[in-house]
Amino acid sequence: MAIQWFPGHMHLTRKAIGERIKDIDVVIELLDARLPASSANPMLAELTGHKPGLKVLNKQDLADPGRTVQWLAHYNALPDTRAIGLDASQTTPARQLVEACHALAPNRGGMAKPMRVLICGIPNVGKSTLINTLAGGRKAKTGDEAGITKLEQRITLADDFYLWDTPGMLWPRIIVAKSGYNLAASGAVGRNAFDDEEVALELLDYVKRHYAPVLSARFKLDLDAATVADMQDEELLEAIGRKRGALLGKGRVNLQKAAEIVMHAFRDGSLGRITLETPEEFAAWLAEGEQLDAERRAKKEARGGKGRRAPAADAGA
Ligand code: G4P
(Lines give C-alpha, C1' and ligand atoms only; values in the text may rest on other atoms or scores of the structure.)
Protein backbone atom coordinates (compact mmCIF):
# COMPACT_ATOMS: atom_id res chain seq x y z
CA MET A 1 0.00 0.00 0.00
CA ALA A 2 1.24 3.50 -0.71
CA ILE A 3 0.08 5.75 2.11
CA GLN A 4 0.82 9.29 1.06
CA TRP A 5 0.92 12.11 3.54
CA PHE A 6 2.66 15.35 4.19
CA PRO A 7 3.81 15.08 7.77
CA GLY A 8 2.69 18.63 8.62
CA HIS A 9 5.12 20.71 10.56
CA MET A 10 7.52 17.82 10.95
CA HIS A 11 10.59 19.86 10.08
CA LEU A 12 9.77 22.59 12.59
CA THR A 13 8.99 20.01 15.27
CA ARG A 14 12.26 18.22 14.57
CA LYS A 15 14.12 21.49 14.91
CA ALA A 16 12.31 22.36 18.16
CA ILE A 17 13.11 18.93 19.64
CA GLY A 18 16.73 19.21 18.49
CA GLU A 19 17.13 22.54 20.25
CA ARG A 20 15.36 21.53 23.46
CA ILE A 21 16.91 18.09 23.88
CA LYS A 22 20.19 19.21 25.39
CA ASP A 23 18.33 20.42 28.52
CA ILE A 24 16.13 17.33 28.81
CA ASP A 25 16.59 14.55 31.37
CA VAL A 26 13.93 12.04 30.24
CA VAL A 27 12.03 11.62 26.96
CA ILE A 28 8.49 10.29 27.30
CA GLU A 29 7.16 8.67 24.14
CA LEU A 30 3.43 8.12 24.08
CA LEU A 31 2.69 4.93 22.14
CA ASP A 32 -0.64 3.47 21.10
CA ALA A 33 -0.94 0.29 23.19
CA ARG A 34 -2.73 -1.41 20.25
CA LEU A 35 0.28 -0.90 17.96
CA PRO A 36 3.22 -0.02 20.17
CA ALA A 37 6.10 -0.45 17.73
CA SER A 38 4.22 0.89 14.71
CA SER A 39 3.34 4.02 16.66
CA ALA A 40 6.95 4.57 17.80
CA ASN A 41 8.72 7.31 15.88
CA PRO A 42 11.85 5.82 14.29
CA MET A 43 13.36 9.32 14.06
CA LEU A 44 13.10 9.89 17.79
CA ALA A 45 16.24 7.96 18.78
CA GLU A 46 18.22 9.97 16.25
CA LEU A 47 16.76 13.22 17.65
CA THR A 48 17.07 12.45 21.33
CA GLY A 49 20.37 10.55 21.36
CA HIS A 50 20.89 8.44 24.44
CA LYS A 51 18.50 10.22 26.81
CA PRO A 52 16.65 7.86 29.15
CA GLY A 53 13.23 7.00 27.72
CA LEU A 54 9.83 6.33 29.25
CA LYS A 55 7.49 4.45 26.91
CA VAL A 56 3.87 5.07 27.84
CA LEU A 57 1.51 2.52 26.31
CA ASN A 58 -1.51 4.76 26.10
CA LYS A 59 -5.15 3.81 25.43
CA GLN A 60 -4.44 0.52 27.20
CA ASP A 61 -8.19 0.21 27.80
CA LEU A 62 -8.52 -0.59 24.06
CA ALA A 63 -5.59 -3.03 23.87
CA ASP A 64 -5.33 -6.75 24.57
CA PRO A 65 -4.19 -6.83 28.24
CA GLY A 66 -2.03 -9.96 27.77
CA ARG A 67 -0.17 -8.37 24.89
CA THR A 68 0.28 -5.12 26.81
CA VAL A 69 2.09 -7.17 29.47
CA GLN A 70 4.36 -8.59 26.73
CA TRP A 71 5.14 -5.14 25.32
CA LEU A 72 5.85 -3.67 28.77
CA ALA A 73 8.30 -6.50 29.47
CA HIS A 74 9.90 -5.96 26.05
CA TYR A 75 10.51 -2.25 26.66
CA ASN A 76 11.47 -2.67 30.32
CA ALA A 77 14.26 -5.04 29.21
CA LEU A 78 15.88 -2.29 27.10
CA PRO A 79 18.70 -0.21 28.61
CA ASP A 80 17.77 3.21 30.06
CA THR A 81 14.12 2.49 29.32
CA ARG A 82 11.01 2.08 31.39
CA ALA A 83 7.48 1.39 30.25
CA ILE A 84 4.07 1.87 31.82
CA GLY A 85 0.52 1.36 30.60
CA LEU A 86 -1.95 4.22 30.82
CA ASP A 87 -5.40 5.31 29.72
CA ALA A 88 -7.70 8.26 30.08
CA SER A 89 -9.65 6.61 32.91
CA GLN A 90 -6.68 7.19 35.20
CA THR A 91 -7.45 10.43 36.94
CA THR A 92 -4.02 10.93 38.49
CA PRO A 93 -1.51 9.88 35.82
CA ALA A 94 1.07 12.38 37.11
CA ARG A 95 2.07 10.15 40.02
CA GLN A 96 3.05 7.24 37.76
CA LEU A 97 4.87 9.47 35.28
CA VAL A 98 6.79 11.35 37.97
CA GLU A 99 7.79 8.10 39.70
CA ALA A 100 9.01 6.51 36.44
CA CYS A 101 10.98 9.64 35.46
CA HIS A 102 12.70 9.75 38.85
CA ALA A 103 13.67 6.10 38.46
CA LEU A 104 15.22 6.93 35.06
CA ALA A 105 17.04 10.09 36.21
CA PRO A 106 17.58 9.65 39.96
CA ASN A 107 20.06 12.54 40.15
CA ARG A 108 17.38 15.05 39.19
CA GLY A 109 14.91 16.63 41.59
CA GLY A 110 14.66 19.59 43.93
CA MET A 111 14.59 23.26 42.95
CA ALA A 112 18.30 23.36 42.04
CA LYS A 113 18.06 20.43 39.64
CA PRO A 114 14.44 20.20 38.46
CA MET A 115 13.41 17.23 36.35
CA ARG A 116 13.05 18.29 32.71
CA VAL A 117 10.97 15.98 30.57
CA LEU A 118 9.99 16.05 26.90
CA ILE A 119 6.79 14.33 25.76
CA CYS A 120 6.32 13.17 22.15
CA GLY A 121 3.79 11.06 20.27
CA ILE A 122 2.02 10.52 16.98
CA PRO A 123 -1.26 12.33 16.22
CA ASN A 124 -4.35 10.86 17.89
CA VAL A 125 -2.39 8.85 20.47
CA GLY A 126 -4.16 10.74 23.27
CA LYS A 127 -1.48 13.27 24.11
CA SER A 128 -3.80 16.30 24.42
CA THR A 129 -6.12 14.31 26.66
CA LEU A 130 -3.21 13.30 28.91
CA ILE A 131 -1.70 16.81 28.96
CA ASN A 132 -5.07 18.31 29.90
CA THR A 133 -5.40 15.87 32.79
CA LEU A 134 -1.83 16.57 33.86
CA ALA A 135 -2.18 20.34 33.55
CA GLY A 136 -5.40 20.23 35.58
CA GLY A 137 -6.30 23.75 36.69
CA ARG A 138 -2.83 25.09 35.90
CA LYS A 139 -2.62 27.03 32.70
CA ALA A 140 -0.14 25.44 30.32
CA LYS A 141 2.56 27.88 29.17
CA THR A 142 2.95 28.41 25.43
CA GLY A 143 5.09 30.37 22.99
CA ASP A 144 4.35 33.72 24.64
CA GLU A 145 7.06 33.16 27.19
CA ALA A 146 10.72 33.83 26.40
CA GLY A 147 12.66 30.64 25.76
CA ILE A 148 9.58 28.60 24.85
CA THR A 149 8.90 28.32 21.13
CA LYS A 150 5.44 28.50 19.56
CA LEU A 151 5.61 24.77 18.94
CA GLU A 152 6.20 23.98 22.57
CA GLN A 153 4.11 24.00 25.66
CA ARG A 154 5.51 23.74 29.16
CA ILE A 155 3.57 22.21 31.98
CA THR A 156 4.77 22.50 35.54
CA LEU A 157 3.82 19.19 37.15
CA ALA A 158 5.52 20.16 40.40
CA ASP A 159 7.88 22.96 41.46
CA ASP A 160 10.78 20.75 40.46
CA PHE A 161 9.21 18.91 37.50
CA TYR A 162 8.78 20.48 34.06
CA LEU A 163 7.13 18.76 31.13
CA TRP A 164 7.68 20.06 27.60
CA ASP A 165 5.03 19.09 25.08
CA THR A 166 5.68 18.79 21.34
CA PRO A 167 3.16 18.63 18.47
CA GLY A 168 2.02 15.16 17.35
CA MET A 169 4.41 14.06 14.64
CA LEU A 170 4.48 11.38 11.96
CA TRP A 171 7.59 10.60 9.96
CA PRO A 172 7.92 10.75 6.19
CA ARG A 173 8.84 7.22 5.26
CA ILE A 174 7.45 4.05 6.75
CA ILE A 175 9.76 1.12 6.16
CA VAL A 176 7.51 -1.51 7.74
CA ALA A 177 4.52 -1.81 5.40
CA LYS A 178 2.37 -3.34 8.15
CA SER A 179 3.00 -0.28 10.32
CA GLY A 180 1.40 1.89 7.64
CA TYR A 181 -1.74 -0.22 7.79
CA ASN A 182 -1.80 -0.29 11.58
CA LEU A 183 -1.31 3.47 11.84
CA ALA A 184 -4.10 4.03 9.33
CA ALA A 185 -6.41 1.63 11.18
CA SER A 186 -5.76 3.44 14.46
CA GLY A 187 -6.70 6.84 13.04
CA ALA A 188 -3.20 8.36 13.27
CA VAL A 189 -3.07 9.10 9.55
CA GLY A 190 -5.46 11.54 7.82
CA ARG A 191 -8.07 9.57 5.87
CA ASN A 192 -7.16 11.11 2.51
CA ALA A 193 -3.79 9.40 2.73
CA PHE A 194 -5.04 5.84 2.36
CA ASP A 195 -7.70 3.61 0.90
CA ASP A 196 -10.30 2.63 3.52
CA GLU A 197 -11.08 -0.70 1.89
CA GLU A 198 -7.44 -1.74 1.71
CA VAL A 199 -6.82 -0.82 5.35
CA ALA A 200 -10.02 -2.57 6.51
CA LEU A 201 -9.08 -5.76 4.61
CA GLU A 202 -5.64 -5.76 6.19
CA LEU A 203 -7.20 -5.17 9.62
CA LEU A 204 -9.70 -8.00 9.11
CA ASP A 205 -6.92 -10.30 7.98
CA TYR A 206 -5.08 -9.83 11.27
CA VAL A 207 -8.15 -9.80 13.50
CA LYS A 208 -9.66 -12.97 11.99
CA ARG A 209 -6.39 -14.85 12.58
CA HIS A 210 -5.96 -13.72 16.19
CA TYR A 211 -9.36 -12.63 17.47
CA ALA A 212 -11.92 -14.44 15.26
CA PRO A 213 -14.56 -14.79 18.04
CA VAL A 214 -14.83 -11.00 18.44
CA LEU A 215 -15.69 -10.60 14.74
CA SER A 216 -18.45 -13.18 14.99
CA ALA A 217 -19.84 -11.61 18.12
CA ARG A 218 -19.58 -7.91 17.18
CA PHE A 219 -21.08 -8.30 13.71
CA LYS A 220 -23.50 -11.13 14.60
CA LEU A 221 -22.17 -13.22 11.73
CA ASP A 222 -23.86 -16.44 12.91
CA LEU A 223 -20.63 -18.28 12.11
CA ASP A 224 -18.29 -20.07 14.46
CA ALA A 225 -14.80 -18.64 15.01
CA ALA A 226 -13.06 -21.36 12.95
CA THR A 227 -15.24 -20.59 9.92
CA VAL A 228 -14.57 -16.85 10.27
CA ALA A 229 -10.81 -17.47 10.53
CA ASP A 230 -10.93 -19.49 7.29
CA MET A 231 -12.83 -16.89 5.27
CA GLN A 232 -11.15 -14.75 2.60
CA ASP A 233 -10.75 -11.14 3.78
CA GLU A 234 -12.94 -9.81 0.93
CA GLU A 235 -15.62 -12.39 1.75
CA LEU A 236 -15.54 -11.34 5.40
CA LEU A 237 -15.82 -7.63 4.58
CA GLU A 238 -18.81 -8.40 2.36
CA ALA A 239 -20.47 -10.52 5.05
CA ILE A 240 -20.05 -7.68 7.57
CA GLY A 241 -21.39 -5.09 5.12
CA ARG A 242 -24.38 -7.28 4.30
CA LYS A 243 -25.15 -7.95 7.95
CA ARG A 244 -25.01 -4.23 8.71
CA GLY A 245 -27.18 -3.25 5.74
CA ALA A 246 -24.42 -1.46 3.82
CA LEU A 247 -25.93 -2.17 0.39
CA LEU A 248 -25.78 -0.47 -2.98
CA GLY A 249 -28.86 -2.04 -4.57
CA LYS A 250 -29.29 -5.26 -6.51
CA GLY A 251 -27.84 -6.97 -3.44
CA ARG A 252 -24.36 -5.53 -3.92
CA VAL A 253 -22.45 -4.60 -0.76
CA ASN A 254 -21.15 -1.06 -0.29
CA LEU A 255 -17.57 -2.03 0.49
CA GLN A 256 -16.54 1.54 1.32
CA LYS A 257 -19.24 1.74 3.98
CA ALA A 258 -18.39 -1.75 5.25
CA ALA A 259 -14.73 -0.72 5.56
CA GLU A 260 -15.70 2.36 7.56
CA ILE A 261 -17.85 0.20 9.89
CA VAL A 262 -14.94 -2.19 10.52
CA MET A 263 -12.40 0.59 11.19
CA HIS A 264 -14.82 2.47 13.41
CA ALA A 265 -15.47 -0.64 15.50
CA PHE A 266 -11.71 -1.10 15.95
CA ARG A 267 -11.06 2.55 16.81
CA ASP A 268 -13.81 2.95 19.38
CA GLY A 269 -13.07 -0.39 21.02
CA SER A 270 -16.50 -1.89 20.30
CA LEU A 271 -14.75 -4.73 18.44
CA GLY A 272 -13.03 -5.66 21.68
CA ARG A 273 -9.59 -5.25 23.19
CA ILE A 274 -7.27 -5.90 20.28
CA THR A 275 -3.53 -5.42 19.77
CA LEU A 276 -2.29 -5.59 16.19
CA GLU A 277 1.29 -6.68 16.81
CA THR A 278 3.55 -8.57 19.21
CA PRO A 279 7.26 -7.78 19.77
CA GLU A 280 8.22 -10.93 17.82
CA GLU A 281 5.94 -10.15 14.90
CA PHE A 282 7.20 -6.61 14.68
CA ALA A 283 10.84 -7.75 14.71
CA ALA A 284 10.12 -9.98 11.70
CA TRP A 285 8.23 -7.22 9.84
CA LEU A 286 11.08 -4.81 10.52
CA ALA A 287 13.72 -7.21 9.20
CA GLU A 288 11.65 -7.71 6.05
CA GLY A 289 11.00 -3.97 5.66
CA GLU A 290 14.67 -3.14 6.07
CA GLN A 291 15.65 -5.69 3.47
CA LEU A 292 13.10 -4.36 0.97
CA ASP A 293 14.23 -0.82 1.71
CA ALA A 294 17.87 -1.74 1.11
CA GLU A 295 16.89 -3.35 -2.21
CA ARG A 296 14.88 -0.28 -3.18
CA ARG A 297 17.80 2.01 -2.39
CA ALA A 298 20.22 -0.17 -4.33
CA LYS A 299 17.91 -0.10 -7.38
CA LYS A 300 17.55 3.67 -7.09
CA GLU A 301 21.29 4.15 -6.91
CA ALA A 302 21.77 1.88 -9.89
CA ARG A 303 19.34 4.12 -11.80
CA GLY A 304 21.44 7.14 -10.81
CA GLY A 305 18.82 8.58 -8.47
CA LYS A 306 21.26 8.85 -5.58
CA GLY A 307 20.73 11.84 -3.34
CA ARG A 308 17.32 12.82 -4.77
CA ARG A 309 14.40 13.01 -2.40
CA ALA A 310 10.73 12.38 -3.14
CA PRO A 311 8.58 15.45 -2.37
CA ALA A 312 5.77 13.45 -0.76
CA ALA A 313 5.92 10.88 1.98
CA ASP A 314 5.97 7.31 0.79
CA ALA A 315 4.78 4.90 3.42
CA GLY A 316 5.77 1.49 2.29
CA ALA A 317 5.28 -0.52 -0.86
P1 G4P B 1 -3.70 13.69 20.37
O2 G4P B 1 -3.61 14.95 21.17
O3 G4P B 1 -2.57 12.78 20.64
O4 G4P B 1 -3.89 13.92 18.90
O5 G4P B 1 -4.98 12.88 20.86
P6 G4P B 1 -6.26 13.32 21.69
O7 G4P B 1 -5.92 13.54 23.12
O8 G4P B 1 -6.95 14.43 20.97
O9 G4P B 1 -7.13 11.99 21.62
C10 G4P B 1 -7.54 11.43 20.38
C11 G4P B 1 -8.80 10.59 20.61
O12 G4P B 1 -8.46 9.50 21.48
C13 G4P B 1 -9.93 11.33 21.29
O14 G4P B 1 -11.12 10.76 20.83
C15 G4P B 1 -9.75 10.96 22.75
O16 G4P B 1 -10.95 11.08 23.49
C17 G4P B 1 -9.33 9.52 22.64
N18 G4P B 1 -8.53 9.06 23.78
C19 G4P B 1 -7.52 9.70 24.39
N20 G4P B 1 -7.00 8.95 25.38
C21 G4P B 1 -7.69 7.79 25.38
C22 G4P B 1 -7.64 6.61 26.19
O23 G4P B 1 -6.81 6.43 27.06
N24 G4P B 1 -8.55 5.63 25.87
C25 G4P B 1 -9.48 5.77 24.87
N26 G4P B 1 -10.32 4.77 24.67
N27 G4P B 1 -9.56 6.88 24.12
C28 G4P B 1 -8.68 7.87 24.37
P29 G4P B 1 -11.99 11.41 19.70
O30 G4P B 1 -13.08 10.46 19.37
O31 G4P B 1 -11.10 11.85 18.59
O32 G4P B 1 -12.51 12.69 20.34
P33 G4P B 1 -13.61 12.80 21.51
O34 G4P B 1 -14.75 11.97 21.08
O35 G4P B 1 -13.00 12.35 22.78
O36 G4P B 1 -13.91 14.27 21.49
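Residues numbered from 1 in each chain as written. Predicted model: local features only at pLDDT ≥ 70, side-chain atom pairs only at ≥ 80, totals over all residues. Heavy atoms only, no water.

Visitor: Sorry if this is basic, but what is going on with the overall build of the protein chain here?
Guide: Looking only at helices and strands, the protein chain features eleven helices and eight strands. Taken across its 317 residues, the protein chain has 48% of its residues classed as buried. For the protein chain, long-range pairs separated by at least 24 residues make up 72% of all intrachain contacts whose partners lie at least 6 apart in sequence. With the model as given, the accessible surface of the protein chain reaches about 15,600 Å², and the carbon-plus-sulfur share is 53%. (Helix = DSSP H or I, 4+ residues; strand = E, 2+ residues; numbered from the N terminus. Buried < 20%, exposed > 50% of the residue type's maximum accessible area, 1.4 Å probe, protein only. Contact = heavy atoms within 4.5 Å. Areas by Shrake-Rupley, 256 points an atom, 1.4 Å probe, with all protein chains shown as cover.)

Visitor: What am I meant to see in the packing of helix α3 (residues 65-76) against helix α11 (residues 279-302) here?
Guide: Put simply, α3 and α11 touch, their axes get as near as 10 Å, and they point 65 degrees apart. On the side of α3, the interface is formed by Arg67, Gln70, Trp71 and His74, while α11 contributes Pro279, Glu280, Glu281 and Phe282. For the contact of α3 with α11, the per-class residue count stands at three nonpolar, two polar and three charged. (Axes fitted to C-alpha atoms, helices over the stretch in contact; angles between N-to-C directions. Nonpolar A, V, L, I, M, F, W, Y, C, P; charged D, E, K, R; others polar.)

Visitor: Would you mind showing me how to read the packing of aromatic side chains here?
Guide: Here the distance between the centres and the angle between the planes together describe a pair of aromatic rings. Applying the stated criterion across every chain yields a total of two aromatic pairs. Between the aromatic rings of phenylalanine 282 and tryptophan 285, the centroid separation amounts to 6.4 Å while the plane-to-plane angle is 70 degrees, which identifies the pairing as edge-to-face. Within this pair, phenylalanine 282 and its partner tryptophan 285 are both found in helix α11, separated by three residues, close to a single helical turn. Across the pair, exposure class does not vary: phenylalanine 282 and tryptophan 285 are buried alike. When the ring centre of tryptophan 164 is taken as reference, the NZ or CZ atom of arginine 20 above it lies at 3.7 Å. Positioned over the ring face of tyrosine 162 is arginine 154, at 4.6 Å from the centre of the ring. (Phe/Tyr/Trp six-rings, centres within 6.5 Å; stacked < 30°, edge-to-face > 60°. Lys NZ or Arg CZ within 6 Å of the ring centre and 35° of its normal.)

Visitor: Is there a simple way to explain the site of the ligand in this structure?
Guide: Within the structure, the ligand sits among 13 residues, and Ala88, Asn124, Lys127, Ser128 and Thr129 are positioned closest to it. Take valine 125: an N or O atom from its main chain is 3.1 Å from an oxygen atom of the ligand. Threonine 129 is positioned with one of its side-chain polar atoms (N or O) 2.5 Å from an oxygen atom of the ligand. For the ligand, whose unbound accessible area comes to 710 Å², protein coverage reaches 53%. Residues of the shell around the ligand, tallied by class, amount to five nonpolar, four polar and four charged. (Near = heavy atom within 4 Å. Polar contact = N/O pair within 3.5 Å; in protein donor to acceptor, adjacent residues only side chain to side chain.)

Visitor: How should I be thinking about the pattern of salt bridges in this particular structure?
Guide: For side chains of opposite charge, pairing can occur when their charged atoms come near one another. The full count for this structure, using the stated rule, is 19 salt bridges. Notably, a salt bridge pairs aspartate 165 with lysine 127, separated by 2.7 Å at the nearest N-O pair. Placement of aspartate 165 in strand β6 (residues 161-165) and of lysine 127 in helix α5 (residues 127-135) is noted, with a sequence separation of 38 residues between them. Neither residue differs from the other here; aspartate 165 and lysine 127 are each classed as buried. Residues participating in the shared-partner salt-bridge network are Arg173, Asp293, Arg296 and Arg297. (Salt bridge = Lys/Arg side-chain N within 4 Å of Asp/Glu carboxyl O.)

Visitor: What's the story with the side chain of threonine 166 in this structure? I'm lost.
Guide: Mapping threonine 166 onto the fold places it in the loop between β6 and α6 (177-186). A relative accessible area of 4% places threonine 166 in the buried class. Within the structure, threonine 166 has its side chain in polar contact with the backbone oxygen of isoleucine 119 (distance 2.9 Å).

Visitor: Before we go on, may I ask you to explain the packing of α6 against helix α7 (residues 196-218) in this structure?
Guide: Each pair of packed helices can be described by the angle between their axes along with the distance between the axes. Across the interface, α6 lies against α7 with an axial gap of 9 Å and an inter-helix angle of 100 degrees. With respect to each other, α6 and α7 are oriented roughly perpendicular. When α6 is examined against α7, the residues Lys178, Tyr181, Ala184 and Ala185 are found in contact with a partner set consisting of Glu198, Val199, Glu202, Leu203 and Tyr206. Each residue belonging to the contact of α6 with α7 can be placed in one class, and the counts come to six nonpolar, no polar and three charged. (Parallel < 35°, antiparallel > 145°, perpendicular 65-115°, else oblique.)

Visitor: Could you clarify how one ought to interpret the nonpolar core in this entry?
Guide: In summary, soluble globular proteins display a tendency toward joint burial of nonpolar side chains. Ranked by size, the top nonpolar core spans 90 residues in total, and within it Ile28, Leu54, Leu163, Leu183 and Phe219 carry the most contacts. In terms of residue count, the dominant contributor to this core is α7 (ten residues). Residues lining this core come from more than one domain, with at least three contributed by each of domain 1 (11-165) and domain 2 (177-267). Residues within four places of leucine 163 in sequence aside, it is in contact with Ile28, Val117, Ile119, Ile131, Leu134, Gln153, Arg154, Ile155 and Leu157. (Core = buried A, V, L, I, M, F, W, Y, C linked by side-chain atoms within 4.5 Å. Domains from an automatic or database assignment.)

Visitor: How should I be thinking about helix α10 (residues 255-267) in this particular structure?
Guide: Within an α-helix, residues lying three or four positions from one another point in the same direction, as the helix has 3.6 residues per turn. The end-to-end C-alpha distance of α10 is 18 Å, a good match for the 18 Å that 13 residues give at a rise of 1.5 Å each. If you check which residues of α10 are buried, you get Ala258, Ala259, Ile261, Val262, Met263, Ala265 and Phe266. One side-chain oxygen at the N-terminal end of α10 lies 3.2 Å from the backbone nitrogen of glutamine 256; it belongs to asparagine 254. Positioned one or two residues after α10, glycine 269 has a phi angle of 85 degrees, which is positive. (Expected span 1.5 Å × (residues − 1).)

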